[in-house]
Amino acid sequence: TIKACLFDLDGVLVDTAVYHFKAWHQLAQTMGIEFTEHDNERLKGVSRVRSLEIILEIGGKTMAQEQMLALCEQKNKEYLEDVAKMTPEEILPGVVDFLKALKAEGYKIALGSASKNAQLILERTELLPYFDAIIDGRHVVNGKPDPEVFLKGAEALGVQPQECLVFEDAVAGVEAAKNGGMRCVGVGQPDVLSQADVVVKDLTEMSISRLKELEQI
Ligand code: B16
Ligand code: MG
């Protein structure tokens, strides 16, 4: 049986990718690197410092670790200016209804995000009260596709991996769920998220009865 749902943040609950892109694009420009929205897909679900490594790869540049950390901090400052202005209106379709239904039925709910700003974003969007546990970029050593973030989520909720259902929009995130022995709902395009057990466009397609169907697989 499924006892808990584990949610990724960016791309599943809210669309912070636009703000990440804005801040990275600005930084890339100052380094003379052309960084497009298409390139930005590669940053989804990966850590801040890994994101910078990918941008440097695109620009064919290398950089000392210390300077990279400074640039990451600079990017985060820009990014947080947009996060500070976020409101509950930015919650993606179907999210609140599904979280309410899960709560009413007694399911446990955790966040499994790569972001170190996850808690702040949940506060700004007023989603925080729905969560029984938050595991994010501050708590994990190994990024997705390593299952660490989701395994820690299951542990914090006191459930087994096979009792968890993960919601993910990134390929690496779906892989992380599967590597952890969990069932996974992909949020996005079926051709991209082919490893997921089922793919939905957004959480308007989710319900308790749909979740119970997934217990059979
Ligand atoms: P931060 P998720 C991820 O969130 C984003 O998709 C990814 O683009 C970002 O680099 C990462 O968080 C780290 O974010 O700079 O705030 O620590 O999809 O895992 O919720
Ligand atoms: Mg994501």
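The coordinates are above.
Residues numbered from 1 in each chain as written. Chains lettered and ligands numbered in written order. Predicted model: local features only at pLDDT ≥ 70, side-chain atom pairs only at ≥ 80, totals over all residues. Heavy atoms only, no water.

Undergrad: Help me out: how do you make sense of the coordination of the magnesium ion (ligand 2) in this one?
TA: In this structure, Asp8 (OD), Asp10 (O) and Asp169 (OD) serve as the protein donors to the magnesium ion (ligand 2), at separations of 2.0 to 2.2 Å. All donors to the magnesium ion (ligand 2) come from one chain, and their sequence spacing reads D-x1-D-x158-D. Of this pair, Asp10 sits in the loop between strand S1 (4-7) and helix H1 (17-30) while Asp169 sits in the loop between strand S4 (164-168) and helix H8 (171-179); the two residues are 159 residues apart in sequence, bridging distant segments of the chain. Assessed through its relative accessible area of 18%, Asp169 is described here as buried. (Donors = N, O, S within 2.8 Å, 3.2 Å for Na, K, Ca; no water. Helix = DSSP H or I, 4+ residues; strand = E, 2+ residues; numbered from the N terminus. Buried < 20%, exposed > 50% of the residue type's maximum accessible area, 1.4 Å probe, protein only.)

Undergrad: Mind showing me how you'd approach the packing of aromatic side chains here?
TA: The relative placement of two aromatic rings is captured by the distance of their centres and the angle of their planes. Tallied over the full model, the rule gives 4 aromatic pairs. Ring centres 4.8 Å apart and planes at 10° place the aromatic pair Phe7 and Phe167 in the stacked group. Here Phe167 lies in strand S4 and Phe7 lies in strand S1, a separation of 160 residues in the sequence. Side by side, Phe7 and Phe167 carry an identical accessibility label, which is buried. Taken together, a centroid distance of 5.6 Å and an interplanar angle of 35° make the contact between Phe21 and Phe35 tilted. In this pair, Phe21 is assigned in helix H1 and Phe35 in the loop between H1 and helix H2 (37-40), connecting sequence segments 14 residues apart. Aromatic rings pair up to connect Phe7, Phe98 and Phe167 into one cluster. Over the ring of Tyr79 we find Lys75; its NZ or CZ atom is 4.4 Å from the centre of that ring. (Phe/Tyr/Trp six-rings, centres within 6.5 Å; stacked < 30°, edge-to-face > 60°. Lys NZ or Arg CZ within 6 Å of the ring centre and 35° of its normal.)

Undergrad: What am I meant to see in the nonpolar core here?
TA: Ranked by internal contacts, the top residues of the largest apolar core, which has 38 residues, are Phe7, Leu13, Phe131 and Phe167. For this core, the element with the most residues is helix H5 (residues 95-104), which contributes 4 residues. Excluding its chain neighbours within four sequence positions, the residues that come into contact with Leu13 are Phe7, Asp8, Glu90, Ile91, Leu92, Val95, Leu111, Leu122, Leu127 and Phe131. Core analysis: the second largest hydrophobic core is formed by 20 residues, Val149, Ala176, Met182 and Ala196 among them. (Core = buried A, V, L, I, M, F, W, Y, C linked by side-chain atoms within 4.5 Å. Contact = heavy atoms within 4.5 Å.)

Read these as spatial facts, not as claims about activity.
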